[in-house]
Amino acid sequence: MNLLIMGPAGSGKGTMSAQIVEAYGVVHISTGDMFREAIANETPVGLEAKSYMDNGKLVPDSVTDRMVKERISQDDCLNGYLLDGYPRNLSQAHAIEEMAAEINRPIDLVINLVVDYQELVKRITGRRICKTCGAIYHVDFHKPQIEGVCDIDGGALYQRVDDTEEKLAVRFEEYTKQTEPSIEYFREKGLVRDIDASQDAKKVMDDIRNILEAVK
Ligand code: AP5
């Protein structure tokens, strides 16, 4: 399966991607994770992306498209991919269609996670992430067994610099202005499935699974 997962910051793209990968064996490509890794490694891409990300703005398409093209062209993606956080505007939507055609893996489905803004604020400000493995927690909704410590590998949990209410407002505005039109573009092609992602995480995954079983 060749999938996109879309939705605003905090809608659960990363949380659901981990479960989809486990259930269906597709390759997870998260542009946000790739940029954060590039920043940690101080690569040229990371240096360019940092100021945009810290301010909740989109990284320029020239950098983002090149990075995705390199990743999606790797052999493992021939067994199916799950793009998380890409595309984020109409230009990127056109770019992914071209890339998918080049590797002969056209997009099967777009999972669109729908959550209202007040819920996003709670999720984003309470999110904690494992420094080592990237597992996602929440101080109220998904607590680790020991506060500040990852259940999986014992890594320290941290809060992303862009996970403040102030930065979320910018990220949400970027989403509304730039990303929603790309969702509508795919909707016109009949590819979008809306999911009520304000439900608890297990129910959200059940709904996604029902949809994916139909395209498998
Ligand atoms: P990115 O890392 O992609 O961030 P985002 O889209 O803002 O999404 P998040 O990772 O914040 O949230 P999520 O939807 O994955 O939610 P999660 O599952 O963690 O991008 C960051 C930045 O990189 C961008 O701002 C931009 O600068 C740059 N960038 C990335 N891609 C780009 C592109 N294509 N073009 C240009 N720039 C780009 O869940 C959130 C919290 O809620 C967690 O604590 C979780 O435990 C909890 N939770 C999840 N689901 C539920 C549930 N059902 N019930 C209760 N709690 C839940």
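Residues numbered from 1 in each chain as written. Predicted model: local features only at pLDDT ≥ 70, side-chain atom pairs only at ≥ 80, totals over all residues. Heavy atoms only, no water.

A.B. asks: Would you mind going over the pairing of strand E4 (residues 109–114) with me for this structure?
C.D. replies: Strand residues, when the strand is regular, have side chains that alternate between the two faces of the sheet. Burial analysis of E4 places five of its six residues in the buried class, which makes it a mostly covered element. One ladder, built from four bridges, connects strand E1 (residues 2–6) with E4; its direction is parallel. Pairing of Ile5 across the sheet is with Ile111, part of E4. For E4 and strand E8 (residues 192–196), the ladder comprises five bridges, and the chain directions are parallel. The residue of E8 that forms the bridge with Val110 is Val192. (Buried < 20%, exposed > 50% of the residue type's maximum accessible area, 1.4 Å probe, protein only. Helix = DSSP H or I, 4+ residues; strand = E, 2+ residues; numbered from the N terminus. Pairing = 2+ DSSP bridges.)

A.B. asks: Sorry, what's going on with the domain arrangement of the protein chain here?
C.D. replies: Often the size quoted for an interface is simply the accessible area lost on bringing the parts together. Taken domain by domain, the protein chain comprises domain 1 (2–116 + 165–215) and domain 2 (127–162). The straight-line distance from the C-alpha centre of domain 1 to that of domain 2 is 22 Å. The interface of domain 1 with domain 2 comprises eight residues on the first partner and six residues on the second. Both sides of the domain 1 and domain 2 interface together cover about 570 Å² of buried area, and 42% of this is carbon and sulfur. Across the domain 1-domain 2 interface, the total number found is one salt bridge. With its nearest N and O atoms 3.8 Å apart, the salt bridge here joins Arg171 to Asp162. For the side of domain 1 that touches domain 2, the secondary structure elements donating two or more residues are helix H1 (13–24), helix H3 (44–54) and helix H7 (165–188). Sort the elements by how many residues they give to the side of domain 1 that touches domain 2 and H7 lands first, with three residues. (Domains from an automatic or database assignment. Contact = heavy atoms within 4.5 Å. Buried area = accessible area lost by both parts, 1.4 Å probe. Salt bridge = Lys/Arg side-chain N within 4 Å of Asp/Glu carboxyl O.)

A.B. asks: What is the right way to read the sheet that holds strand E5 (residues 127–130) from this model?
C.D. replies: Adjacent strands of a sheet pair through backbone hydrogen bonds, lying either parallel or antiparallel. Read from one edge to the other, the open sheet built from three strands follows the order E6-E5-E7, with strand pairing classed as antiparallel. In the strand order of this sheet, the two ends are held by strand E6 (136–138) and strand E7 (157–158), each with one partner.

A.B. asks: Would you mind going over the environment of Asp207 with me for this structure?
C.D. replies: Topologically, Asp207 is positioned in helix H8 (residues 201–215). The sequence separation of Asp207 and Arg128 amounts to 79 residues, and the corresponding C-alpha distance is 25 Å. Those residues in contact with Asp207 that lie beyond four places of it in its chain are Ile195 and Gln199. Side chain to side chain, Asp207 and Gln199 meet in a polar contact 3.0 Å long. (Polar contact = N/O pair within 3.5 Å; in protein donor to acceptor, adjacent residues only side chain to side chain.)

A.B. asks: Which parts of the structure should I look at to understand the site of the ligand?
C.D. replies: Thr15, Lys57, Arg88, Arg127 and Arg171 are the nearest of the 35 residues found near the ligand. A distance of 2.7 Å is found between an oxygen atom of the ligand and a backbone nitrogen or oxygen belonging to Tyr137. Contact between the ligand and Gln199: a nitrogen atom at 2.9 Å from a main-chain N or O atom of the residue. Listed by contribution, the elements that provide at least two residues to the shell around the ligand are H1, helix H2 (31–40), helix H6 (117–126), E6 and H8. For the shell around the ligand, the leading source of residues is H2, giving four residues. Of the residues contributing to the shell around the ligand, the split by class is 14 nonpolar, 12 polar and nine charged. (Near = heavy atom within 4 Å. Nonpolar A, V, L, I, M, F, W, Y, C, P; charged D, E, K, R; others polar.)

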